[in-house]
Amino acid sequence: MSDANPTPRECLAHQLAEAVAEALRTDLAERERALLVVSGGSTPVPFFTALAAMELPWPRIDVTLADERWVAEDADDSNARLVREHLMQGPAAAATFVPLTTEDATPEQGAEAVAERIAGLAWPASAVILGMGGDGHTASLFPDSRELELALSTAEPVVAVRTPSQPQPRITLSADRLHQARRHILHITGGDKRSVLARALAGDDVRELPIRAFLACPLATYWAP
Ligand SMILES: O=C1O[C@H](COP(=O)(O)O)[C@@H](O)[C@H](O)[C@H]1O
């Protein structure tokens, strides 16, 4: 870290980047390519910056997303844009980023092409870095989504999602595909999310708080105030 007085969130992001880099190195010692699945939203930005600076065999690493809004890749709320601007930089620019959207008008129309696109990646992923919303959603597994049941149960890799609480349609990796990863990490910050996680740990209804689907993976939790 270059900053002499890093914030707790910056320290957390750096520790997480070190752990993910180590996981990728370990897997790349025994296979030709490795896959990293990251989340969008606001939390991962300092993690992306820290990971992008790591010395890794980036040309052998693929990066994709746990979920995406069905928006243009240059839209402000595109997770792909976030990844391109903050992770695919410096040494990490030599990695291959595989987005989850197509030119199709809807995720339902594009889901098959996305599934074909990601089929060639080096599954199972070395690590999945999950985020979590205040409603307990992770990836685009939302408690109020009408496709939640499908996303939790299908063996398909991706699911198109419509969620009343969200302005855009989305596409998400299915729980099955996320579960298959070698390592599962939850990256969250702030007191509110700590409370949501505590609530999730105290119960077992996955439909109420979908993050519960991953608590027993096991899920390494990186949290800072
Ligand atoms: O909608 C999303 O939100 C969650 C959490 O986002 P944050 O802004 O609270 O960090 C994220 O994990 C997910 O990938 C994203 O699409």
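Residues numbered from 1 in each chain as written. Predicted model: local features only at pLDDT ≥ 70, side-chain atom pairs only at ≥ 80, totals over all residues. Heavy atoms only, no water.

A.B. asks: Kindly report on the packing of helix α2 (residues 45–52) against helix α3 (residues 79–86), identifying the contributing residues and their values.
C.D. replies: At a minimum axis distance of 9 Å, the contact between α2 and α3 shows a crossing angle of 40°. Of the possible angle classes, the one that applies to α2 and α3 is oblique. Pair α2 / α3 crosses with right-handed handedness. Along its contact with α2, which presents Val45, Phe48, Thr49 and Ala52, the element α3 presents Leu82, Val83 and His86. When grouped by side-chain class, the residues that make up the contact of α2 with α3 number five nonpolar, two polar and no charged. (Axes fitted to C-alpha atoms, helices over the stretch in contact; angles between N-to-C directions. Helix = DSSP H or I, 4+ residues; strand = E, 2+ residues; numbered from the N terminus. Parallel < 35°, antiparallel > 145°, perpendicular 65-115°, else oblique. Left-handed = near helix turned anticlockwise from the far one by under 90°. Contact = heavy atoms within 4.5 Å. Nonpolar A, V, L, I, M, F, W, Y, C, P; charged D, E, K, R; others polar.)

A.B. asks: Before we move on, could you go through the site of the ligand and cite the residues and values that matter?
C.D. replies: Gly40, Ser42, Thr43, Asp67 and Lys193 are the nearest of the 13 residues found near the ligand. A distance of 3.2 Å separates an oxygen atom of the ligand from a polar side-chain atom of Arg69. In isolation the ligand exposes 390 Å². Once the protein is present, 88% of that is buried. Per-class residue counts for the shell around the ligand are one nonpolar, eight polar and four charged. (Near = heavy atom within 4 Å. Polar contact = N/O pair within 3.5 Å; in protein donor to acceptor, adjacent residues only side chain to side chain. Areas by Shrake-Rupley, 256 points an atom, 1.4 Å probe, with all protein chains shown as cover.)

A.B. asks: Describe in detail the UniProt feature "domain: Glucosamine/galactosamine-6-phosphate isomerase" (unreviewed entry) in the protein, supporting the description with residues and values.
C.D. replies: Per the UniProt record, "domain: Glucosamine/galactosamine-6-phosphate isomerase" (unreviewed entry) is annotated on residues 10–216. Secondary structure content for residues 10–216 is 34% helix and 16% strand, and the end C-alpha separation is 27 Å. (UniProt positions renumbered as here; feature names shortened; annotations may be inferred.)

A.B. asks: An account of the sheet that holds strand β3 (residues 67–69) is needed here, citing residue identities and associated values.
C.D. replies: With respect to topology, three strands assemble into an open sheet ordered β3-β7-β6, the strand pairing being antiparallel. Edge positions in the sheet fall to β3 and β6 (158–161), since each of these pairs with one other strand and no more. Taking each pair of neighbouring strands and ignoring which way they run, the sheet shows an average axis angle of 15°. Bridge analysis of β6 against strand β7 (residues 170–173) gives four bridges, and the strand direction is antiparallel. Directly across from Val158, in β7, lies its bridge partner Leu173. Each of β6 and β7 is contacted by helix α4 (residues 107–119), which is oriented at about 160° to β6, the strand it contacts most. (Pairing = 2+ DSSP bridges.)

A.B. asks: Describe the pairing of strand β1 (residues 34–38), listing the residues and the values that go with them.
C.D. replies: Of all the five residues making up β1, five are buried; the element is thus mostly covered by neighbouring parts of the structure. Side chains Ala34, Leu36 and Val38 project from β1 onto one buried face, and the interleaved Leu35 and Val37 project onto a second face that is buried too. Summarising the sheet, β1 and strand β2 (residues 61–65) pair through five bridges and their orientation is parallel. Each residue of the ladder has a partner; that of Val38, found in β2, is Leu65. Traced from β1 through α2 to β2, the parallel crossover comes out right-handed. Here β1 runs beside strand β5 (residues 127–130); their pairing, made up of two bridges, is parallel. Looking at the pairing, Leu36 lines up with Ala127 of β5. (Buried < 20%, exposed > 50% of the residue type's maximum accessible area, 1.4 Å probe, protein only. Right-handed = clockwise from strand over helix to strand, strands pointing away.)

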